[in-house]
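Geometric and topological summary
Here is what each chain is made of, one letter per residue.
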Amino acid sequence: YFEQAGVAIPQKLCHSLVDHKLITVQVETEITALKKVGAAWQAYDTSGKKCGEASTVIIASAMDTTALEPTSHLPLRAMRGQLTEIPAQALTQEVK
């Protein structure tokens, strides 16, 4: 039970995000490396080309999240159709 839980309609949420002026959509790009450089995260594709840089990165790749080095240590379990937000803990603080 999550007292402040809500429901999001993924399609509407995605449309509102891609319409934001500070968000750039890159399609058909597989990110294979994520590196923290100073205060920024840099994303690299399969050829090693830097695809983007940002102070905040959202990793929305389900069980493939552990394929990235900064998140490889997280003990993830597959739970179909669910999204859970939890407070930062010692284990997740390592990602910052």
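Before reading further, recall that the structure is shown in the block above.
A brief report on the enclosed structure follows. No experiment lies behind these values; they were computed from the predicted model shown.

Once that is clear, we can look at the overall build of the protein chain. When its secondary structure is counted, the protein chain shows two helices and three strands. Counting from the amino terminus, the protein chain carries its helices and strands in the arrangement α-β-β-β-α. For the protein chain, the residues scored as buried account for 15% of the 96 residues in total. Expressed as a percentage of contacts within the protein chain between residues at least 6 apart in sequence, the contacts between residues at least 24 apart total 19%. Summing over all exposed atoms, the protein chain offers an accessible surface of approximately 8,500 Å²; the carbon and sulfur share of this is 55%.

Another point: a nonpolar patch on the surface. Taken together, Leu13, Leu17, Val18, Ile23, Val25 and Val27 make up a surface patch of nonpolar side chains, about 500 Å² in accessible area. Mapped onto the secondary structure, Val27 falls in the loop between helix H1 (10-18) and strand E1 (31-37).

Tallied over the full model, the rule gives zero aromatic pairs. Directly above the ring of Tyr44 sits Lys35, whose terminal nitrogen or CZ lies 4.7 Å from the centroid.

The next subject is the pairing of strand E3 (residues 50-54). Two elements, strand E2 (residues 40-45) and E3, share four bridges in a ladder whose sense is antiparallel. Bridging across to E3, Tyr44 finds its partner in Lys50. Following E2, the chain reverses through four residues before pairing antiparallel with E3; Gly48 in that reversal takes a positive phi of roughly 90 degrees.

Here we come to the sheet that holds E1. Hydrogen bonds between backbone groups are what pair the strands of a sheet, and the pairing can be parallel or antiparallel. Spatially, three strands are ordered E1-E2-E3 in an open sheet, and the strand pairing comes out antiparallel. Because the sheet does not close on itself, it has two edges, and the strands there are E1 and E3. Between one strand and the next, the sheet's axes are offset by a mean angle of 20 degrees, whatever the strand orientation.

The next thing to look at is the side chain of Gln42. Note on placement: Gln42 falls in strand E2. Classification of Gln42 by relative accessible area gives buried; the value is 10%. A distance of 3.0 Å separates polar atoms of two side chains, one belonging to Gln42 and the other to Glu53. Residues within four places of Gln42 in sequence aside, it is in contact with Ala33, Leu34, Lys35, Val37, Lys50, Gly52 and Glu53.

What counts as what
Residues numbered from 1 in each chain as written. Predicted model: local features only at pLDDT ≥ 70, side-chain atom pairs only at ≥ 80, totals over all residues. Heavy atoms only, no water. Helix = DSSP H or I, 4+ residues; strand = E, 2+ residues; numbered from the N terminus. Buried < 20%, exposed > 50% of the residue type's maximum accessible area, 1.4 Å probe, protein only. Contact = heavy atoms within 4.5 Å. Areas by Shrake-Rupley, 256 points an atom, 1.4 Å probe, with all protein chains shown as cover. Patch = residues over 30% accessible without salt bridge, like charges linked within 9 Å, V, L, I, M, F, W, Y side chains within 5 Å. Salt bridge = Lys/Arg side-chain N within 4 Å of Asp/Glu carboxyl O. Phe/Tyr/Trp six-rings, centres within 6.5 Å; stacked < 30°, edge-to-face > 60°. Lys NZ or Arg CZ within 6 Å of the ring centre and 35° of its normal. Pairing = 2+ DSSP bridges. Axes fitted to C-alpha atoms, helices over the stretch in contact; angles between N-to-C directions. Polar contact = N/O pair within 3.5 Å; in protein donor to acceptor, adjacent residues only side chain to side chain.

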